[in-house]
Amino acid sequence: MATGRTDPQRRERILAATLDHIAAEGVAGVSHRKIAARAGVPLGSMTYHFTGIDDLLREAFTRFADHIVTVFDEHLGGVDDPEQAREALTSLVHALSEGPRRDLVLTQELYTLAARRPEYRALTQAWMARSRHLLERHFDPGTARQLDALIEGLTLHRALDLEPHDRDLTNEAIRRITTTA
């Protein structure tokens, strides 16, 4: 194992290993020993880089939330009008639901942790605020809030359904929320 001087990416590897471990075994299985082994670092690196398990989890989940917000931005960033935004949202739902199973598991693990432990709610609230901010480039705040919830629900349903719904149904749901009567 490399020393800290010759291993400048050690902290990043620990965070990546933490997310990999959570995806494989859940938050309940996280320990300094298990993460150090998965990251291939000395056990002492854990307490050198992180004040404790909660610090490690917060940073790892913050990195994960940053990743998902980047996916949102990749889909919505070049959009110029509401029709393009609707199509981009349909593509986003399908990309998230057909993407790595790891991302789906990490999302649910973070939500469960936030539901049980109020100190993690701030992390999920910040993530939702960032997602809604991207949606508000194209829709009013109330619609953006509804869309954010719809995206989460449709993604989860598509990912877990034995016969996921198609793009037409996703597009119809988005259109219903984003089109005024």
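Analysis parameters
Residues numbered from 1 in each chain as written. Predicted model: local features only at pLDDT ≥ 70, side-chain atom pairs only at ≥ 80, totals over all residues. Heavy atoms only, no water. Helix = DSSP H or I, 4+ residues; strand = E, 2+ residues; numbered from the N terminus. Buried < 20%, exposed > 50% of the residue type's maximum accessible area, 1.4 Å probe, protein only. Contact = heavy atoms within 4.5 Å. Lys, Arg positive; Asp, Glu negative; His and termini not counted. Charge placed at Lys NZ, Arg CZ, Asp CG, Glu CD. Axes fitted to C-alpha atoms, helices over the stretch in contact; angles between N-to-C directions. Parallel < 35°, antiparallel > 145°, perpendicular 65-115°, else oblique. Left-handed = near helix turned anticlockwise from the far one by under 90°. Nonpolar A, V, L, I, M, F, W, Y, C, P; charged D, E, K, R; others polar. Expected span 1.5 Å × (residues − 1). Core = buried A, V, L, I, M, F, W, Y, C linked by side-chain atoms within 4.5 Å.

Teacher, can you tell me more about the overall build of the chain here?
Helices and strands together make up the secondary structure of the chain, namely nine helices and zero strands. Start at the N end of the chain and walk to the C end: the helices and strands fall as α-α-α-α-α-α-α-α-α. Along the first, second and third principal axes, the C-alpha atoms of the chain reach 60 × 35 × 30 Å. Across the 181 residues in the chain, those meeting the buried criterion constitute 42%. Long-range contacts, defined as pairs at least 24 residues apart, comprise 66% of the intrachain contacts of the chain with a sequence gap of at least 6. For the chain, the separation between the mean place of its 23 positive charges and that of its 27 negative charges on side chains is 8 Å.

I tried to follow the packing of helix α4 (residues 53-76) against helix α6 (residues 101-116) on my own but got confused; where do I start?
Helix-helix packing is described using two parameters, namely the angle between the two axes and the distance between the axes. Interaxial distance between α4 and α6 falls to 11 Å at its minimum, and their mutual angle equals 130°. With respect to α6, the axis of α4 lies oblique. As α4 runs across α6, the sense of the crossing is left-handed. Residues Leu57, Phe61, Phe64, His67 and Ile68 of α4 lie in contact with α6, whose contacting residues are Asp103, Leu106, Thr107, Glu109, Leu110 and Leu113. Tallied by class, the residues present in the contact of α4 with α6 amount to seven nonpolar, two polar and two charged.

Can you help me understand α6 in this one?
Along an α-helix, residues three or four apart share an orientation, since each turn contains 3.6 residues. With 16 residues, α6 extends 23 Å between its outermost C-alpha atoms, agreeing within 8% with the 22 Å of an ideal straight helix rising 1.5 Å per residue. Buried within α6 we find Asp103, Leu104, Leu106, Thr107, Leu110, Leu113 and Ala114. Along its buried surface, α6 packs onto α1 (10-25), α4, α7 (118-135) and α8 (141-160).

Got a minute to help me understand the nonpolar core in this structure?
Soluble globular proteins tend to pack their nonpolar side chains together in the buried interior. Within the largest apolar cluster, 47 residues are counted, with the highest numbers of intra-cluster contacts made by Phe61, Phe72 and Leu89. Elements represented by at least two residues in this core include exactly α1, α2 (32-39), α4, α5 (82-98), α6, α7 and α8. In terms of residue count, α4 provides more of this core than any other element does, eleven residues in total. When residues no more than four places from it in sequence are discounted, the contact partners of Phe72 are Leu92, Leu96, Ser131, Leu134, Leu135, Asp148 and Ile151.

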